[in-house]
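# An overview of the molecular structure
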Amino acid sequence: MVKLEYIWLDGNYPTQSLRSKTKVEKEFNGTLEELSMWSFDGSSTKQAPGGSSDCLLKPVFFVKDPQRKNAYLVMCEVLKADGTPHPTNGRATIEDDDNDFWFGFEQEYFLWNPSSNKPLGFPDNGFPHPQGQYYCSVGTNNAFGRDIVEEHLDVCIEAGLNVEGINAEVAAGQWEFQIFSKGAKDAGDQIWIARYLLERIGEKYGVSINWHCKPLGTLDWNGSGMHANFSNTLLRTAGDKTVYDKVCEAFRPVVKEHIDVYGADNHLRLTGLHETASIHDFSYGVSDRGASIRIPVATVERGWKGYLEDRRPNSAADPYKVAARIIKTVKSVGL
Ligand code: ADP
Ligand code: MN
Ligand code: MN
Ligand code: MN
């Protein structure tokens, strides 16, 4: 017997949550075609009214489930009963059928103590040392929750996800993992499966994962982002600064359209402090971590061949919607 965990995004607004349920099959030989459509009660996930509650699950990506015997994790798109994409289905809005767009997402998050409602590393009363000592740190007074982070890295690698690295972040209890893929849909699939695995490891430790972009509010602690590093053939081969200027300038008139899908409450995070640009401004620059879009210095050193980093998407953003919007804007340049 094989356990197939069908995973999808629900209708929570403004931030969709992960849902999943198990389908047991006699055998599975490891091809997408074998995975049949399934359905769920959309009235329990804010995706349908009770009177006509069926929503469809269309498998689109799967990996081995390293934490369960004889099992796979199956990422699904949600369709309406008539087979068309549900309005909550961001993946279906990505226009990248030839996988020309490569994405590297840097997913930040906080490990969170549900009983104290504070990050790991925060005492029940008061505060730990101000931030400064936690980024890429080691040691009992600096790095909190490493067991969880290490276990997550191992299962991601075992599942075959293309994790490129992990690091402790600037705030206490805050961490990051990076995932890269040659293909926008695939990058989104991998981020969602990695989030799912992290949530499930958290259950074991009684630690929750806080995806909010500014869980410590206005206090002097960094928020969480999900920087979107992206390229297409144009950016990878340009060899010309003016191409980069044109692509970056294409983002300027559509700031609102981008911010709309860059995650809830981003005004709390994009303040112009803590390595962010103000939500009201648009800027880009080489090596500039205070800009909306950073041009990595390596891109310039390779003679304007490489990628861009949009630093505005936050930790709770849907990578599908982020990628879909970036692709739309880059394509609007018409080069
Ligand atoms: P930093 O923390 O300095 O912003 P990271 O090393 O955490 O950088 O992340 C950089 C990301 O950029 C990685 O996920 C990497 O895969 C991605 N990346 C590198 N080259 C490209 C490219 N050509 N297209 C898209 N993403 C890329
Ligand atoms: Mn990073
Ligand atoms: Mn980071
Ligand atoms: Mn970054």
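A brief look at the structure comes next. Here the structure is a predicted model, which means the values were calculated and not measured.

## Concerning helix H4 (residues 241–251)
Of the positions making up H4, those classed as buried are Val243, Tyr244, Val247, Cys248, Ala250 and Phe251. Buried residues along H4 cover an arc of 155° about the axis, so they all sit on one side.

## Topic: empty space enclosed by the protein
The method is simple in principle: a probe with the dimensions of a water molecule rolls over the atoms, and the space it marks as empty is what remains. Enumeration over the complete set of coordinates arrives at 2 cavities of 30 Å³ or more. By volume, the largest cavity amounts to about 70 Å³. Lining the largest cavity are Leu9, Met75, Cys76, Glu77, Val78, Thr88, Asn89, Gly90, Arg91 and Tyr320. Of the residues in the lining of the largest cavity, the class split is 5 nonpolar, 3 polar and 2 charged. Reported here for the second largest cavity is a volume of approximately 40 Å³. In terms of lining residues, the second largest cavity is bounded by His227, Arg269, Leu270, Glu275, Thr276, Ala277, Ala291, Arg311 and Arg312. Partitioning the lining of the second largest cavity into residue classes produces 3 nonpolar, 2 polar and 4 charged.

## Some remarks on the coordination of the manganese ion (ligand 3)
The coordination sphere of the manganese ion (ligand 3), as far as protein atoms go, consists of Glu108 (OE), Glu169 (OE) and Glu176 (OE), spread over 2.1 to 2.2 Å. Counting along the primary sequence, the residues that act as donors to the manganese ion (ligand 3) give the motif E-x60-E-x6-E. In this structure, the manganese ion (ligand 3) lies 3.7 Å from the manganese ion (ligand 2), and both are coordinated by Glu176. Of this pair, Glu108 sits in strand S6 (residues 102–113) while Glu169 is found in the loop between strand S8 (163–168) and strand S9 (174–182), placing the two residues 61 residues apart along the sequence. Neither residue differs from the other here; Glu108 and Glu169 are each classed as buried.

## A short note on the sheet that holds strand S2 (residues 18–25)
In space, the 5 strands of this open sheet follow the order S2-S1-S5-S4-S3, with mixed pairing throughout. Strands with a single pairing partner mark the edges of an open sheet, and in this sheet they are S2 and strand S3 (38–41). Each adjacent strand pair in this sheet contributes to an overall mean axis angle of 40°, direction not counted. As judged from the 8 bridges shared by strand S1 (residues 2–9) and S2, these two strands associate in the antiparallel manner. Each residue of the ladder has a partner; that of Glu5, found in S2, is Thr22. Here helix H2 (residues 184–205) sits on the sheet in contact with S1, S2, strand S4 (54–64) and strand S5 (71–79), set at roughly 120° to S5.

## Focus: the environment of His129
Secondary-structure assignment places His129 in the loop between strand S7 (118–119) and helix H1 (146–159). The exposure class assigned to His129 is exposed, which follows from its relative accessible area of 54%. Residues His129 and Asn141, spaced 12 residues apart in sequence, show a C-alpha to C-alpha distance of 9.2 Å. Here His129 is in contact with Tyr134 and Trp221, once residues within four sequence places are set aside.

## Observations concerning the pairing of S9
Burial within S9 is extensive, with 7 of its 9 residues counted as buried. Where S6 and S9 come together, 9 bridges link them in antiparallel fashion. Counted as the bridge partner of Phe103 is Ser181 from S9. As paired strands, S8 and S9 are joined by 5 bridges and run antiparallel to one another. In the strand pairing of S9, Gly165 is matched with Gln178. The loop that links S8 with its antiparallel partner S9 comprises 5 residues; one of these, Gly173, has a positive phi angle of about 80°.

## Quick word on the layout of surface pockets
Reported here for the largest pocket is a volume of approximately 410 Å³. Lining the largest pocket we find 21 residues, and of these Tyr13, Pro14, Asp260, Val261 and Lys321 sit closest to its centre. Put simply, the parts of the chain that give the lining of the largest pocket at least two residues each are helix H5 (255–260) and helix H6 (266–269). Considering only residue class, the lining of the largest pocket consists of 9 nonpolar, 8 polar and 4 charged.

## Quick word on the site of ligand 1
The full set close to ligand 1 counts 14 residues, and Glu106, Glu164, Ser231, Arg289 and Glu309 are the nearest of them. Contact between ligand 1 and Glu106: an oxygen atom at 3.0 Å from a side-chain N or O atom of the residue. A distance of 3.1 Å separates an oxygen atom of ligand 1 from a polar side-chain atom of Arg289. Taken by itself ligand 1 offers 590 Å² of open surface, and the protein chains cover 74% of this. If you list the elements that add at least two residues to the shell around ligand 1, you get S6, S9 and strand S11 (226–231). The class makeup of the residues in the shell around ligand 1 is 4 nonpolar, 4 polar and 6 charged.

Definitions and limits used
- Residues numbered from 1 in each chain as written.
- Chains lettered and ligands numbered in written order.
- Predicted model: local features only at pLDDT ≥ 70, side-chain atom pairs only at ≥ 80, totals over all residues.
- Heavy atoms only, no water.
- Buried < 20%, exposed > 50% of the residue type's maximum accessible area, 1.4 Å probe, protein only.
- Helix = DSSP H or I, 4+ residues; strand = E, 2+ residues; numbered from the N terminus.
- Arc of directions from axis to C-beta.
- 1 Å grid on protein atoms, 1.4 Å probe; cavity = no way out; pocket = protein on both sides within 12 Å on 5 of 7 lines; lining within 4 Å.
- Points joined across faces, edges and corners; volume = space filled by probe spheres on them.
- Nonpolar A, V, L, I, M, F, W, Y, C, P; charged D, E, K, R; others polar.
- Donors = N, O, S within 2.8 Å, 3.2 Å for Na, K, Ca; no water.
- Pairing = 2+ DSSP bridges.
- Axes fitted to C-alpha atoms, helices over the stretch in contact; angles between N-to-C directions.
- Contact = heavy atoms within 4.5 Å.
- Near = heavy atom within 4 Å.
- Polar contact = N/O pair within 3.5 Å; in protein donor to acceptor, adjacent residues only side chain to side chain.
- Areas by Shrake-Rupley, 256 points an atom, 1.4 Å probe, with all protein chains shown as cover.

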